Amino acid sequence: MERTGFEPFGEQLVSATDAQPKSRASKLLLRVGTGLFWSLVAGIVLARAAFFEPGVYDGFSRVASLAKSLIF
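Reading the values: the criteria
- Residues numbered from 1 in each chain as written.
- Predicted model: local features only at pLDDT ≥ 70, side-chain atom pairs only at ≥ 80, totals over all residues.
- Heavy atoms only, no water.
- Helix = DSSP H or I, 4+ residues; strand = E, 2+ residues; numbered from the N terminus.
- Buried < 20%, exposed > 50% of the residue type's maximum accessible area, 1.4 Å probe, protein only.
- pLDDT = per-residue confidence, 0-100.
- UniProt positions renumbered as here; feature names shortened; annotations may be inferred.
- Expected span 1.5 Å × (residues − 1).
- Patch = residues over 30% accessible without salt bridge, like charges linked within 9 Å, V, L, I, M, F, W, Y side chains within 5 Å.
- Areas by Shrake-Rupley, 256 points an atom, 1.4 Å probe, with all protein chains shown as cover.
- Salt bridge = Lys/Arg side-chain N within 4 Å of Asp/Glu carboxyl O.

### Some details on the overall build of the protein chain
No. 1: Of the regular secondary structure elements, the protein chain holds 3 helices and 0 strands.
No. 2: N-terminal to C-terminal, the α/β element order of the protein chain is α-α-α.
No. 3: With 72 residues in all, the protein chain has 0% of them scored as buried.

Below you can see the structure in the form of C-alpha cells.
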C-alpha cells in the first residue's frame, strides 16, 4: 500500500512523476512556452543594452551631492 504525503495544512503532495506532462502535445506546449519565455527575456535584455543611456542618472548624482553639501 502506498503512503500519500500531505502538507502541514492537509493538502496532498503531488509527486514529481505526477507533475510531468503525459502526452506529446503537452510536452510540446511546455517546450514552446519555455522557449517563448526565454526569448522574451533575451529580447528585453538586448533592448535595454541597445538603448541604454549612461547619462540618465547624472541628475540624481547632482541632487545627492547638493544634499550632502547641505547636511555636512
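Having seen the model, we can carry on.
### Quick word on the confidence of the model for the protein chain
No. 1: Predicted confidence across the protein chain gives a mean pLDDT of 80, with 82% of residues reaching 70 or more.
No. 2: Here helix α1 (residues 16-19) stands out as the least confident element of the protein chain, with mean pLDDT 56; helix α2 (residues 24-50) is the most confident, with 93.

### So, the UniProt feature "transmembrane region" (unreviewed entry) in the protein chain
No. 1: The UniProt feature table records "transmembrane region" (unreviewed entry) at residues 28-51.
No. 2: In the segment residues 28-51, helix accounts for 96% and strand for 0%; the C-alpha atoms at its two ends are 34 Å apart.

### Overview of α2
Structural remark: α-helix, 3.6 residues per turn; residues separated by three or four positions point the same way.
No. 1: Here α2 is 27 residues long and its end C-alpha atoms lie 38 Å apart, about the 39 Å a rise of 1.5 Å per residue gives.
No. 2: Little of α2 sits inside the fold, with 0 of its 27 residues counted as buried.

### Considering a nonpolar patch on the surface
No. 1: Among the surface-exposed residues, Leu66, Leu70, Ile71 and Phe72 lie close enough to one another that they form a single nonpolar patch of about 550 Å² accessible area.
No. 2: Here Phe72 lies in the segment after α3 (58-71).
No. 3: For Phe72, a relative accessible area of 78% corresponds to the exposed category.

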